[in-house]
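Fold and geometry: a report
Each chain, letter by letter, is given below.
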Amino acid sequence: MANYDVIIIGSGPGGYVCAIRCAQLGLKTAIVEGRETLGGTCLNVGCIPSKALLHASHMLHEAQHNFAAMGLKGKTQSVDWKQMQAYKDDVIGQNTKGVEFLMKKNNVDWLKGWGSIPAAGQVKVGDEVHEAKNIIIASGSEVSSLPGVEIDEKTVVSSTGALELKKIPNKLVVIGAGVIGLELGSVYSRLGSEVTVVEFLDAVTPGMDGEIQRVFQRTLKKQGINFVMGAAVQGVKTKGGKATVTYKLRKDDSEATVDADTVLVATGRRPYVDGLGLDALGVERSERGQIKTDGNYATNVAGIYAIGDCIDGPMLAHKAEDEGMACAEGLAGQKPHVNYGVIPGVIYTHPEVANVGKTEEQLNEEGIDYKVGKFSFMGNGRAKANFASDGFVKLLADKATDRILGAHIIGPMAGDLIHEVCVAMEFGAAAEDLARTCHAHPTYSEAVREAALACGDGAIHA
Ligand code: FAD
Ligand code: NAI
């Protein structure tokens, strides 16, 4: 048994970043993790492995579609699935070991095993009870399935199973056109699967800017992904390693089926708090199961805090990280702040999709007068050279003050380009501030500047 200033339960991006910050601020810190490796969902079965497969399959797509045009000729690439999995596993290993190294470097103790909280100030791991002045729950989230759909991680898989399929399916049906469905659907589509996405709503990626939703879906369709929209999945039946998905079209209640070798269930995630003993402690939760916290991440029980996917807000690694740092800084007596209005979202398909701030729909709903500056990557020299001219940058700025209110990008490296706008928004910048900043040529970033110019007197290359 040991005494700590802070014990953090869960070593995902929320937990491990929080642990490092606590240690940097002089707090004696331990982290509890039940998995074999540190890094949580993100490093083990989320962000990192999915990005490895997206990268590998994008490279294949480039080789198949664009190499010959650049004069790169020779043997056609083929897929060694086992090797691709080995590459992905190696990337996971490098990252999880990296977190382990960071824990050691910062003198954070890893208490191995599943933790519970028998009482405020105590964390039990295995048979040992450790004392802590503060406990931070960073236990993350888990897949939430649908009634009538049983995930066996073989024929009917969650994202976790989809990252380690035994073979590339001939026919993949994805339930849900959200971030997971479209990223992993893209992977298998590029690797040769016939992919059909069945989505309840009439647009992909709920909550995103409507114009981006439409262009994004059209782009994915052009790449060969089939969509059944406005369709509520009723159930999945499996037989002999095959599956049949039944759905009902919302417009006329008609029922139809689609066959698959593999079904990916990507209909959202829910907070994971099993085994922590929250009910006995009286820790309050929302109807959706999220741990309720105040502005300092404190729960209603003194000395117990919560951050990341298990509390309210977007389920994103960087949101969890920022909360982890802020929670640590708060415990050390600082006055941290997370700006929830400037949390970017990125979908790592090709082209990438990125957004920050308000959508046009939100601005209309809020009655805010705004102007739109738009620039197509067709007018960007670098994008043309790189076969990446699909897409555009859209900047939204206040009509009266020119202050940037949001940005929506579909195009090459959108996930990197968005951060220029994030920084500008954090500084309360106007579109003109971006427009007057010199941008190197030839870069994709020029498209962001051009969109900012389009908010004023006009883009140059439009
Ligand atoms: P988690 O990462 O879920 O970590 C929680 C950890 O706590 C787990 O390791 C769990 O084992 C441990 N734990 C839970 N209970 C206990 C206990 N009682 N005792 C001990 N340990 C416990 N987000 C992005 O921003 N970008 C992406 O590209 C992205 N891609 C994703 C792809 C997929 C396929 C998935 C599923 C998710 C993706 N996400 C992405 C979301 C991202 O993974 C999560 O938002 C992020 O991991 C949340 O971090 P967290 O620290 O709150 O929880
Ligand atoms: P999601 O919430 O993004 O999408 C779920 C989709 O399923 C929605 O479009 C919803 O309308 C649809 N759906 C729900 N019920 C349905 C039904 N019965 N029939 C048909 N469709 C139905 O959830 P997803 O994709 O599972 O991702 C979970 C979380 O993981 C997200 O919150 C996301 O933030 C995070 N994530 C982030 C990534 C990134 O940042 N690049 C990548 C992957 C995941």
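An unreviewed UniProt entry lists the chain under the name Dihydrolipoyl dehydrogenase, with Octadecabacter ascidiaceicola as the source organism. Listed in UniProt under the heading Catalytic activity (unreviewed entry), the comment for the chain reads: "N(6)-[(R)-dihydrolipoyl]-L-lysyl-[protein] + NAD(+) = N(6)-[(R)-lipoyl]-L-lysyl-[protein] + NADH + H(+)". What UniProt states about the chain under its Sequence similarities (unreviewed entry) heading is, verbatim, "Belongs to the class-I pyridine nucleotide-disulfide oxidoreductase family."

Observations concerning the site of ligand 1
Among the 39 residues in the neighbourhood of ligand 1, the closest are listed as E33, T41, K51, G115 and A317. Between M315 and ligand 1, the recorded distance is 3.2 Å, taken from a backbone N or O atom to an oxygen atom. Between ligand 1 and the protein, one listed contact pairs an oxygen atom with a side-chain N or O atom of H318 at 3.3 Å. Bound to the protein, ligand 1 loses 95% of the 1,000 Å² it would expose on its own. Only helix 1 (13–24), strand 2 (29–33), helix 2 (40–45), helix 3 (47–65) and helix 9 (317–331) provide two or more residues apiece to the shell around ligand 1. Of the residues forming the shell around ligand 1, the biggest block, 4 residues, is contributed by helix 2. Taken together, the residues of the shell around ligand 1 break down into 16 nonpolar, 18 polar and 5 charged.

With respect to the packing of aromatic side chains
The tally for this structure, following the rule as stated, stands at 2 aromatic pairs. When the centroid spacing of 6.5 Å and the interplanar angle of 85° are considered together, the rings of F377 and Y444 count as edge-to-face. Of this pair, F377 sits in the loop between strand 20 (370–376) and helix 11 (381–385) while Y444 is found in the loop between helix 13 (431–435) and helix 14 (445–454), placing the two residues 67 residues apart along the sequence. Assigned by exposure class, F377 and Y444 land together as buried. The positively charged end of R382 is found above the aromatic ring belonging to Y444, 5.9 Å away from the centroid.

Quick notes on the sheet that holds strand 13 (residues 242–249)
Strands sit in the order 12-13-14 across an open sheet of 3 strands; the sheet is antiparallel. The sheet is open, and its two borders are formed by strand 12 (231–239) and strand 14 (255–260), each paired with just one other strand. The average angle at which neighbouring strand axes cross in this sheet is 25°, direction not considered. Where strand 12 meets strand 13, 8 bridges bridge the pair, whose relative direction is antiparallel.

Section: empty space enclosed by the protein
Under the counting rule described, the total for this entry stands at 1 cavity of 30 Å³ or more. Here the largest cavity is characterised by a volume of approximately 40 Å³. Here the lining of the largest cavity is built from residues that sort into 4 nonpolar, 3 polar and 1 charged.

A few points about the pattern of salt bridges
Scanning all chains against the criterion turns up 17 salt bridges. Note that E432 is salt-bridged to R436, the shortest N-O span being 2.6 Å. Residue class for E432 comes out partly exposed when judged on its relative accessible area of 40%. Where salt bridges share partners, they join D209, E211, E360, K374 and K394 into one cluster.

Looking at the site of ligand 2
Close contacts around ligand 2 come from 22 residues, with I180, E183, E199, G268 and V346 the closest. In the model, an oxygen atom of ligand 2 is placed 2.9 Å from a nitrogen or oxygen of the G268 main chain. Here a nitrogen atom of ligand 2 and a backbone polar atom of V346 are 2.7 Å apart. Starting from 850 Å² of accessible surface for ligand 2 in isolation, the protein chains cover 79%. Contributions of two or more residues to the shell around ligand 2 are made by helix 6 (179–190) and strand 12. It is helix 6 that provides the largest number of residues to the shell around ligand 2, a total of 3 residues. Class assignment of the residues belonging to the shell around ligand 2 gives a composition of 15 nonpolar, 4 polar and 3 charged.

Reading guide: rules and limits
Residues numbered from 1 in each chain as written. Chains lettered and ligands numbered in written order. Predicted model: local features only at pLDDT ≥ 70, side-chain atom pairs only at ≥ 80, totals over all residues. Heavy atoms only, no water. UniProt positions renumbered as here; feature names shortened; annotations may be inferred. Near = heavy atom within 4 Å. Polar contact = N/O pair within 3.5 Å; in protein donor to acceptor, adjacent residues only side chain to side chain. Areas by Shrake-Rupley, 256 points an atom, 1.4 Å probe, with all protein chains shown as cover. Helix = DSSP H or I, 4+ residues; strand = E, 2+ residues; numbered from the N terminus. Nonpolar A, V, L, I, M, F, W, Y, C, P; charged D, E, K, R; others polar. Phe/Tyr/Trp six-rings, centres within 6.5 Å; stacked < 30°, edge-to-face > 60°. Buried < 20%, exposed > 50% of the residue type's maximum accessible area, 1.4 Å probe, protein only. Lys NZ or Arg CZ within 6 Å of the ring centre and 35° of its normal. Pairing = 2+ DSSP bridges. Axes fitted to C-alpha atoms, helices over the stretch in contact; angles between N-to-C directions. 1 Å grid on protein atoms, 1.4 Å probe; cavity = no way out; pocket = protein on both sides within 12 Å on 5 of 7 lines; lining within 4 Å. Points joined across faces, edges and corners; volume = space filled by probe spheres on them. Salt bridge = Lys/Arg side-chain N within 4 Å of Asp/Glu carboxyl O.

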